[in-house]
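Chain by chain, the residues:
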Amino acid sequence: MEMNEEAYTLDGTVDRHGQPAIRGRTGTWVSGILLLVNQGLATLAFFGVGVNLVLFLTRVLGQDSAAAANNVSKWTGTVYIFSLLGAFLSDSYWGRYKTCAIFQAVFVVGLVLLSISTTLFLLKPSGCGDEETPCGSHSTFHIVFFYLAIYLVALGNGGYQPNIATFGADQFDEEDPKEGHSKIAFFSYFYLALNLGSLFSNTILGYFEDQGMWALGFWASTASGVGALVLFLIGTPRYRHFEPKGNPLSRFCQVLVASTRKWKVERTQGEENLFEVDNKESAMNGDRKILHTDGFRFLDKAAIITPKNYAKQGKKFYGRNPWRLCTVTQVEEVKCILRLLPIWLCTILFSVVFTQMASLFVEQGAAMKTKISNFNIPAAGMSSFDILSVATFIFLYRLVLDPVVARIKSKPKGLTELQRMGVGLVIAILAMVAAGVVEVLRLKDAKKDCPNCVNASSLSIFWQVPQYMLIGASEVFMYVGQLEFFNGQAPDGLKSFGSALCMTSISLGNYVSSLLVSIVMRISTRDDMPGWIPGNLNKGHLDRFFFMLAALTTADLVVYIICAKWYKYIKFEGRKGADDNSDNGQAEAAAAAEHRV
């Protein structure tokens, strides 16, 4: 019995056997929920290692604070570098499923080795590693074993992260209206799962590790990582897949070389002399053709048909050299990435604001009144309000704001991704203003005449709640919008690369933040002034740094608006309604080109 055509997905996905995916047996929320839980467990495992790694290096390995902070920065940066490697392998050769499985396995191996090295080698004497009892010295072998373990964790998580979000989105057919809506919603719930996983590791696991129970914390992370991998593999029969499209670097280089070779060829108006494969060939490759756009017109020369590009036999053309003649879709891939880069650059400053939550917000909180009765509130624990804000605003946006805006605009979708990212920048500005105002109030209540009260203020730490809540709200608009935007706007062969752009913007945000702090301290430190961000915040002006970030983000918002207005959305040709006369069209275009030349 032949399967009805409508039973298959329309976006070109295949099942694990390489056959067209059947809608009722693959993908949708059955696969999506498995991947959301997988993401939550994997995030819990990763942050179970990362959240207190700086304390582990100081208390267990005996490093000083500066060396430990530097090593953690290198480790974190390596995670994001490996994200580009994972995206490249996924888009080019392995596909997203295989890439996720392999890197998750590497991640688990790293967690197991870390737990073993901590239990057997590093926590000596027994009970060391808490705030009072430092551990003894360790052999070179033990140190090398430890670093091998944590860098395997970095490799595994880095290669897995940019692919899992895109692989989850692959489970929904964007050509189907109902599944297309679910695909958009998936990114919000994906970011929610990430935050819930980090909430558990930042609170429960972070508490045990802070008390010196490092082995328990790392083994719990290992168990969570193993559970994530098992859940991922359980869904194997159900997943939908996009086949890898080959090395994108060679395709990019072909466009640049072909357009440079034809720099003297005149580019006439119209698209009739631009080369594109026929619809049948495109369908066999599982590709969607990208419609031609204006802009970067020099690159269009790579697709201009000239007599030198083809050997003609009748109305058919053979022997195309891709280094001399590229398809319109191939040219548009390059244009697409060039258009994405300015938008991506504008998101880096938002990441600078976001990173303050894990650094200067914590220092500010530690300099405030942190005791309620006999209970001491850890300054880092205030990030829980950020996670609660993320969860709240995800549901508010999906259930309230998006439907209301869609009704006002009389469209099925509310704010566009670019509009949401702009809203995220606006809220980030408000967060920095709120943090600056709190610092002004904190300094007013600082105990400056108490010589033993370093970094003390009578202002309650709960005054920080608004700035954490605003950061959480801005994340929902910016980072979820980024995930949707880069996934939707990246060409079919570069979807994982689009997700990796989100991770690299966070990484660069960390580096830019460190650079800004260094510059500010160098400029603001004088003989009679300790600078804006000294060791004792009561003697500095952290408020000015926050207000400076608000001003920089405002300038970034202006540039972003200009870039967003300039940006042209990618347009794919529909998979149905193929033109069977494309061969004749190509023949006529080549003949016209031959006549002109």
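None of the values given here were measured: they were computed from a predicted structure.

## So, the overall build of the chain
If you tally the helices and strands in the chain, you get 18 helices and six strands. Per-residue burial for the chain yields a buried fraction of 53% across its 597 residues. The contacts in the chain between residues at least 6 apart in sequence include a share of 81% that link residues at least 24 apart. Roughly 26800 Å² of accessible area belongs to the chain as shown, and the carbon and sulfur atoms make up 64% of that amount.

## What to know about the state of the cysteines
For the structure shown, the criterion picks out one disulfide. Between C128 and C135 runs a disulfide, and the two sulfur atoms are separated by 2.0 Å. In this structure, the disulfide formed by C128 and C135 twists by about 90° around the S-S bond and is classed as right-handed. Using a relative accessible area of 1% as the deciding quantity, one classes C128 as buried. Using a relative accessible area of 15% as the deciding quantity, one classes C135 as buried.

## Regarding helix α11 (residues 328-355)
With 28 residues, α11 extends 40 Å from end C-alpha to end C-alpha; this agrees with the ideal 40 Å at 1.5 Å per step. L341 marks where α11 bends most, by close to 25°; the proline P342 follows one to four residues later. Within α11, 24 of the 28 residues are buried, leaving the element largely enclosed by the surrounding structure.

## Concerning the packing of aromatic side chains
Geometry of an aromatic ring pair is reported as the spacing of the ring centres plus the angle between the planes. Per the counting criterion, the structure on display carries 37 aromatic pairs. For the pair F146 and Y147, a centre-to-centre distance of 5.3 Å together with 70° between the ring planes defines the contact as edge-to-face. Residue classification places Y147 among the partly exposed residues on the basis of a relative accessible area of 22%. Ring geometry for W214 versus F218: centroids 6.1 Å apart, planes at 45°, classification tilted. Taken together, the positions of W214 and F218, both in helix α7 (residues 214-234) and four residues apart, correspond to about one turn of that helix. Overall, the relative accessible area of 0% leaves W214 in the buried class. Grouped by ring-pair contacts, the aromatic residues W29, F172, F186, F187, Y189, F190 and F395 constitute a single cluster.

## Considering unusual backbone geometry
Going from K124 to P125, the amide bond is cis rather than trans, its omega being 0°. Inspection of the secondary structure assignment puts P125 in the loop between α4 (96-122) and α5 (140-170). Phi angles above zero are rare outside glycine, and T28 is one such case at about 60°. Checked against the element boundaries, T28 lands in helix α1 (residues 28-50). On the accessibility criterion, T28 (19% relative accessible area) is buried.

## Re α7
Here α7 is 21 residues long and its end C-alpha atoms lie 30 Å apart, about the 30 Å a rise of 1.5 Å per residue gives. Every buried residue of α7 is accounted for by W214, A215, G217, F218, S221, T222, S224, G225, A228, L229 and F232. If you follow the buried residues of α7, they end up packed against α1, α2 (53-59), α4, α5 and α6 (177-210).

## Remarks on the nonpolar core
Counting residues in hydrophobic clusters, the biggest one holds 100 residues, and the most contacted among them are F232, I343, F361, F485, F545 and F546. The element contributing the most residues to this core is α11, with 15 residues. Ignoring anything within four residues of it in the chain, the contact list for F546 reads L360, F361, Q364, M432, A435 and G436. V60, V79, L114 and A215 belong to the second largest nonpolar core, which has 27 residues in total.

## Quick look at the environment of A7
Within the secondary structure, A7 sits in the segment before α1. Separated by 18 residues in sequence, A7 and R25 place their C-alpha atoms 9.5 Å apart. Not counting residues up to four positions away in its chain, the partners in contact with A7 are A21, I22, R23 and G24.

## Thoughts on the environment of M357
Among the secondary structure elements, M357 is positioned in the loop between α11 and α12 (360-366). Classification of M357 as buried rests on a relative accessible area of 10%. Each C-alpha atom of the pair M357 and M382 lies 9.1 Å from the other, and the pair is 25 residues apart in sequence. Among all residues touching M357, those that are not within four sequence positions of it are V362, D386, Y468, I471 and E475.

## A word on the side chain of S188
Mapping S188 onto the fold places it in helix α6. Looking at S188, the relative accessible area reads 2%, which means it is buried.

## Concerning the pattern of salt bridges
Side chains carrying opposite charge are able to pair once their charged atoms draw close together. This structure, assessed with the given rule, holds 13 salt bridges. The residue K183 makes a salt bridge to E174 at a minimum N-O spacing of 3.4 Å. Using a relative accessible area of 35% as the deciding quantity, one classes E174 as partly exposed. Between R398 and E484 there is a salt bridge; the shortest N-O distance is 2.7 Å. In this pair, R398 is assigned in helix α13 (residues 383-409) and E484 in helix α15 (residues 465-489), connecting sequence segments 86 residues apart. For the pair formed by R398 and E484, the shared burial category is buried. Connected through shared salt-bridge partners, R23, D173, E179 and R240 make up one network.

## A short note on the confidence of the model for the chain
Averaged over all residues, the pLDDT of the chain equals 82, while 87% of them reach at least 70. Least confident of the elements in the chain is helix α18 (residues 582-596), whose mean pLDDT is 37; most confident is helix α17 (residues 542-566), at 94. In the predicted structure, residues 1-5 sits below a pLDDT of 50 and forms four contacts with residues beyond four places in sequence or in another chain. pLDDT under 50 marks residues 575-597. Its contacts with residues more than four places away, or in other chains, come to 38 contacts.

## Points about a nonpolar patch on the surface
A surface patch of nonpolar side chains, about 570 Å² in accessible area, is lined by F395, L396, L399, V400, V404 and I408. Within the element layout of this structure, L399 appears in helix α13.

## Considering the side chain of R339
Relative to the assigned elements, R339 resides in helix α11. For the buried residue R339, which engages in no salt bridge, the nearest side chain bearing the opposite charge is E332, 4.1 Å off. A distance of 2.6 Å separates a polar atom in the side chain of R339 from the backbone oxygen of D294. Beyond its immediate stretch of four places on either side in the chain, R339 contacts T293, D294, G295, F296, E332, W566, Y567 and K568.

Parameters at a glance
Residues numbered from 1 in each chain as written. Predicted model: local features only at pLDDT ≥ 70, side-chain atom pairs only at ≥ 80, totals over all residues. Heavy atoms only, no water. Helix = DSSP H or I, 4+ residues; strand = E, 2+ residues; numbered from the N terminus. Buried < 20%, exposed > 50% of the residue type's maximum accessible area, 1.4 Å probe, protein only. Contact = heavy atoms within 4.5 Å. Areas by Shrake-Rupley, 256 points an atom, 1.4 Å probe, with all protein chains shown as cover. Disulfide = S-S within 2.5 Å. Expected span 1.5 Å × (residues − 1). Bend = angle between axes of the 7 residues up to and from the residue. Phe/Tyr/Trp six-rings, centres within 6.5 Å; stacked < 30°, edge-to-face > 60°. Core = buried A, V, L, I, M, F, W, Y, C linked by side-chain atoms within 4.5 Å. Salt bridge = Lys/Arg side-chain N within 4 Å of Asp/Glu carboxyl O. pLDDT = per-residue confidence, 0-100. Patch = residues over 30% accessible without salt bridge, like charges linked within 9 Å, V, L, I, M, F, W, Y side chains within 5 Å. Lys, Arg positive; Asp, Glu negative; His and termini not counted. Polar contact = N/O pair within 3.5 Å; in protein donor to acceptor, adjacent residues only side chain to side chain.

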